[in-house]
Amino acid sequence: MAILCLVFSSFTFMDASTPLIEQQDTPEGRRLSLLGAWTASSLTAKPVWDALAAQLKSLDGVANKGAHWNLAQIDKLDYLGAQLLWSHWGRAWPANIEIEPGPRAVLETVAGFPAATVKPYKYNWTALLGGLGNRLLSFFDHLKSLVRLIGQLLLDLIRLIRHPQEGPWRDLSGHLYQIGATALPITALVGFLIGVVLAYLISQQLRQFGADAFIVNILGISLIRELGPVLAAILIAGRSGSAITAQIGVMRVTEELDAMRVMGIATGFRLVMPRALALAVVMPLISVWTTIAALLGGMLAASAAMDVTPAFFINALPAAVEVSNLVLATAKSVVFGLLIALISCHYGLRVKPNTESLGQGTTASVVTSITVVILVDALFAVLFKNVGI
Amino acid sequence: MLENVVEIKKLWTVFHNGDKVSVVHKDLDLTVVRGEVLSLVGGSGSGKTELLRQILGLENPAKGSVTVLGKPASELGKRGAASRVGMLFQQGALFSAFTVLENIAFPLRELKVLPFELIRNAAMVKLQMVGLSADTADKMPSELSGGMIKRVALARALIMDPPLLLLDEPTAGLDPESSDSFCTLLRALHKDMGLTVVMVTHDLDTLFELSTRIAVLADQKIIINDVPKEVVAFPHPFIHEFFLGERGQRAMELLREYPFTV
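Note that the structure is predicted; figures quoted are calculated from it, not measured.

## Things to note about the overall build of chain A
At step 1: What chain A contains, in helices and strands, is 13 helices and seven strands.
At step 2: Counting only C-alpha atoms, chain A reaches 110 × 60 × 45 Å along its principal axes.
At step 3: Split into buried and exposed, the 389 residues of chain A put 33% on the buried side.

## A word on the confidence of the model for chain B
The predicted structure's coordinates, where accompanied by low pLDDT, should not be read in detail.
Residue and element names in this part refer to chain B.
At step 1: On average, residues of chain B score 84 in pLDDT, and 93% of them reach the 70 mark or higher.
At step 2: Model confidence for chain B, summarised as mean pLDDT per element, is weakest for helix H9 (residues 246–257) at 65 and strongest for strand S8 (residues 196–200) at 91.
At step 3: Our summary of model confidence lists the complex with pTM equal to 0.74 and ipTM equal to 0.79.

## Re the sheet that holds strand S2 (residues 20–33) of chain B
Residues and elements named next belong to chain B.
At step 1: In space, the four strands of this open sheet follow the order S2-S1-S4-S5, with antiparallel pairing throughout. Each of the sheet's edge strands pairs with one partner strand only, and the pair in question is S2 and strand S5 (71–72).
At step 2: Across 10 bridges, strand S1 (residues 4–17) lies against S2 in antiparallel orientation. Residue pairing for S2: Phe 15 is matched across the bridge by Ser 22.
At step 3: Contacts between helix H1 (residues 48–56) and the sheet are confined to S1, S2 and strand S4 (63–68), with S1 contributing the most and set at about 120 degrees to the helix.

## Focus on the interface of chain B and chain A
At step 1: Listed by partner, the interface residues are 19 residues for chain B and 22 residues for chain A.
At step 2: The class makeup of the residues in the side of chain B that touches chain A is 11 nonpolar, six polar and two charged.

## Some details on the domain arrangement of chain B
Residues and elements named next belong to chain B.
At step 1: The domain architecture assigned to chain B consists of domain 1 (4–84 + 164–257) and domain 2 (98–161).
At step 2: For domain 1 and domain 2, the distance between their C-alpha centres works out to 26 Å.
At step 3: The interface is formed by 11 residues belonging to domain 1 together with 11 residues belonging to domain 2.
At step 4: The element best represented in the side of domain 1 that touches domain 2 is helix H5 (residues 176–193), accounting for four residues.
At step 5: Looking at the side of domain 1 that touches domain 2 residue by residue, the class counts come to seven nonpolar, four polar and no charged.

## Some remarks on the packing of helix H2 (residues 100–110) of chain B against helix H4 (residues 146–157) of chain B
Residue and element names in this part refer to chain B.
At step 1: With their axes 7 Å apart at the nearest point, H2 and H4 run at an angle of 25 degrees to one another. What the angle tells us is that H2 and H4 run roughly parallel. Of the two possible hands of crossing, H2 and H4 adopt the one that is right-handed. Taken together, the residues of H4 that come into contact with H2 (itself represented by Val 100, Asn 103, Ile 104 and Phe 106) are Val 152, Ala 155 and Arg 156.

## Regarding the environment of Leu157(A)
All names here are of chain A.
At step 1: Mapped onto the elements of the fold, Leu 157 is located in helix H5 (residues 125–162).
At step 2: Exposure remark for Leu 157: the 15 C-beta atoms within 10 Å place this residue in the partly exposed category.
At step 3: When the C-alpha atoms of Leu 157 and Gly 167 are compared, they prove to be 9.5 Å apart, with 10 residues separating the residues in sequence.

## A look at the nonpolar core
At step 1: In terms of nonpolar packing, the biggest core is built from 93 residues, with Ile55(B), Leu127(B), Ile159(B), Leu166(B) and Val198(B) touching the most fellow members.
At step 2: Of all hydrophobic cores here, the second largest spans 55 residues; its members include Leu219(A), Ala233(A), Ala294(A) and Val366(A).

## Thoughts on the domain arrangement of chain A
At step 1: Parsing chain A into structural domains produces domain 1 (2–112) and domain 2 (132–383).
At step 2: Averaged C-alpha coordinates put domain 1 of chain A and domain 2 of chain A at centres separated by 67 Å.

## Digging into H5(B)
All names here are of chain B.
At step 1: Taking 1.5 Å of rise per residue, the 18 residues of H5 would be expected to cover 26 Å, and the 25 Å separating its terminal C-alpha atoms lies within 8% of that figure.
At step 2: Those residues of H5 lying buried are Ser 179, Phe 182, Cys 183 and Leu 186. Across the axial projection of H5, the buried residues extend over an arc of 105 degrees, all falling on one side. Of the exposed residues in H5, those oriented more than 90 degrees away from the buried face are Glu 177 and Lys 191.
At step 3: The elements touched by buried residues of H5 are H4 and helix H6 (204–210).

## Quick word on the sheet that holds strand S9 (residues 213–218) of chain B
All names here are of chain B.
At step 1: Judged by pairing direction, the sheet is mixed, and its six strands sit side by side in the order S6-S7-S8-S3-S9-S10 without closing on themselves. In the strand order of this sheet, the two ends are held by strand S6 (85–88) and strand S10 (221–226), each with one partner. Each strand of the sheet is rotated relative to its neighbour by a mean of 15 degrees, with strand direction disregarded.
At step 2: Relative to strand S7 (residues 164–168), S6 runs parallel, the two being bridged by four bridges. Within S7, the residue paired with Gly 86 across the bridge is Leu 165.

## Let's talk about unusual backbone geometry
Residues and elements named next belong to chain B.
At step 1: Of note, the phi angle at Asp 27 is positive, near 50 degrees, even though the residue is not glycine.
At step 2: Mapped onto the elements of the fold, Asp 27 is located in strand S2.
At step 3: Note on Asp 27: 12 C-beta atoms within 10 Å, which makes it exposed.
At step 4: The phi angle at Lys 112 is positive, at roughly 55 degrees, despite the residue not being glycine.
At step 5: One can find Lys 112 in the loop between H2 and helix H3 (116–129).

## Brief notes about the packing of H5(A) against helix H10 (residues 267–305) of chain A
Residues and elements named next belong to chain A.
At step 1: Where H5 meets H10, the axes come as close as 10 Å, and the angle between the chain directions of the two elements is 95 degrees. With respect to H10, the element H5 is oriented roughly perpendicular. Contacts between H5 and H10 pair Leu 149, Gln 152, Leu 153, Asp 156, Leu 157, Arg 159 and Leu 160 from the former with Gly 268, Phe 269, Val 272, Met 273 and Ala 276 from the latter.
At step 2: Here the residues of the contact of H5 with H10 are counted per class, giving eight nonpolar, two polar and two charged.

## Focus: helix H7 (residues 184–209) of chain A
Residues and elements named next belong to chain A.
At step 1: Taking 1.5 Å per residue as the helical rise, H7 with its 26 residues ought to reach 38 Å, and the 37 Å between its terminal C-alpha atoms agrees with that figure.
At step 2: At Ser 203, H7 shows its maximal kink, close to 25 degrees.
At step 3: All of the buried residues along H7 are Thr 187, Gly 191, Phe 192, Gly 195, Val 196, Leu 198, Ala 199, Ile 202 and Ser 203.
At step 4: In this structure, the buried residues of H7 make contact with helix H8 (215–253) and H10.
At step 5: Just downstream of H7, Gly 210 is the residue with a positive phi angle, here 65 degrees.

What counts and what doesn't
- Residues numbered from 1 in each chain as written.
- Chains lettered and ligands numbered in written order.
- Predicted model: local features only at pLDDT ≥ 70, side-chain atom pairs only at ≥ 80, totals over all residues.
- Helix = DSSP H or I, 4+ residues; strand = E, 2+ residues; numbered from the N terminus.
- Buried ≥ 20, exposed ≤ 12 C-beta atoms within 10 Å, placed from the backbone.
- pLDDT = per-residue confidence, 0-100.
- Pairing = 2+ DSSP bridges.
- Contact = placed C-beta atoms within 7 Å.
- Axes fitted to C-alpha atoms, helices over the stretch in contact; angles between N-to-C directions.
- Nonpolar A, V, L, I, M, F, W, Y, C, P; charged D, E, K, R; others polar.
- Domains from an automatic or database assignment.
- Parallel < 35°, antiparallel > 145°, perpendicular 65-115°, else oblique.
- Left-handed = near helix turned anticlockwise from the far one by under 90°.
- Core = buried A, V, L, I, M, F, W, Y, C linked by C-beta atoms within 7 Å.
- Expected span 1.5 Å × (residues − 1).
- Arc of directions from axis to C-beta.
- Bend = angle between axes of the 7 residues up to and from the residue.

Here it is as structure tokens:
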């Protein structure tokens, strides 16, 4: 009897439990003996699998059609091993097989279930058009519920004015602190650095024309009127907008929103309104704070880069920037604050009760609020182009 | 072959809450032998789930040792851990971004060794073994009922045929019918796959239906670890209240009707 062991690429990984197939050619035909543990833990070792897969592939040929499969000496066969064999056999029992009842039962279980069917992926051209339509519809859907949210906020504000003792005042004060006070360091830092960078850039250009003193005008107008409010709004949208969406979204996931509704507590009055009020109050304050920090940075950089002393800067500023600019900036900030709050609450309330939707909602909320802030800022710039300049 | 699947020796679990220190387990010993279905029973706050987490290696003991399958529990979480121990979490803990089949196949797929065709077929077999139909495969976890979530989570825990299965409140939140069929399923799988099972449960029906042994956690240690009949007869105020109260009496009927083969 010629014993013909198959050649293995490497013997280093092998021990008694390594799954392998021993091949013997007897006068009655080929005899394939399965040895070792055919289990998930040993099959998922990379070298073991590579060797076994190569061996199984080499056994695919016609010469092995009527081979005798000997599973009597197999150490252990679990469902993954059985699946491997069953797939190799083309989902049918081989003609000659020698097997103990234990492994046979495992194989029979695997054999009893139909194979996984893969649905072929079909490209659907109409889906492309449908997707576009869906997007448009969902845009209008968002717009509709945003308008509804604004209307609800108005009604809630009227209710608050009529019954001030019912208002969620503690909540409001908490939000004022969370959204406002704790944002002071980061907004000051960012504002200051932007002021420094701008002042250096501008001073390089102005020096060429000998128009050094105009740095007060340029910095004053751009920072007070535009950059201060927008910078603050973007920072708050990223910092507090995402937090609001996540808070309300988690409340949806944990059914807290439903619990509130069941108790007859209006989510608009209890959740949306205090956040909107807090942001409407906080936003102009943060905006002024950011502007001051930026002006300070600009002033210091100007005195370092050019002969514009801080004293001159402070004296020239009121003449260079009309007060109406500050009024416009403050009004703009209130609108930004309200929009950020409404958009964040809107996305928070739309979160579906699963983790993926929560993540998507938070991202969408931040992106939308920043975009809307910039859009509305452009709108303000066009509408008030004759004011204060 | 290794006889003691789980071996806990002189375990201390201590919680620090501010400057308050509470000792949950004190010199706790527990041994789980191959093939057993061991239920952990104890009052709320007695640290049953905590003990389960210790066995899984998710928490480190303050003192003492936890040995699982001959190795320290802290080494359990290495590559291919799914082939050593399966855990059924109380809420299922399915990945909500994946379909049912992807959830079940996940532990095998992440190893990046086997071809996907084989993995998909293996996952499909497990899906049907837990009593779900093939068309559940493409559903998302959010579309499933509570009982189905538990079944999918069980299929995922068993995808690599681990010898040890841990269950945290397997029938909590299920209606009596799904709870019964889940018990039947667990019993069948335990028999077919030769599993060793450790479970935490409050449900007396599940307890008597499945357990071959019951370990009672009280007074910061395991006060008794024996076959159900002996445990019920053990004199201790907690056991008296738990098993011989009104609810206990009702469930005990089960014990008399189907005497255990132990």
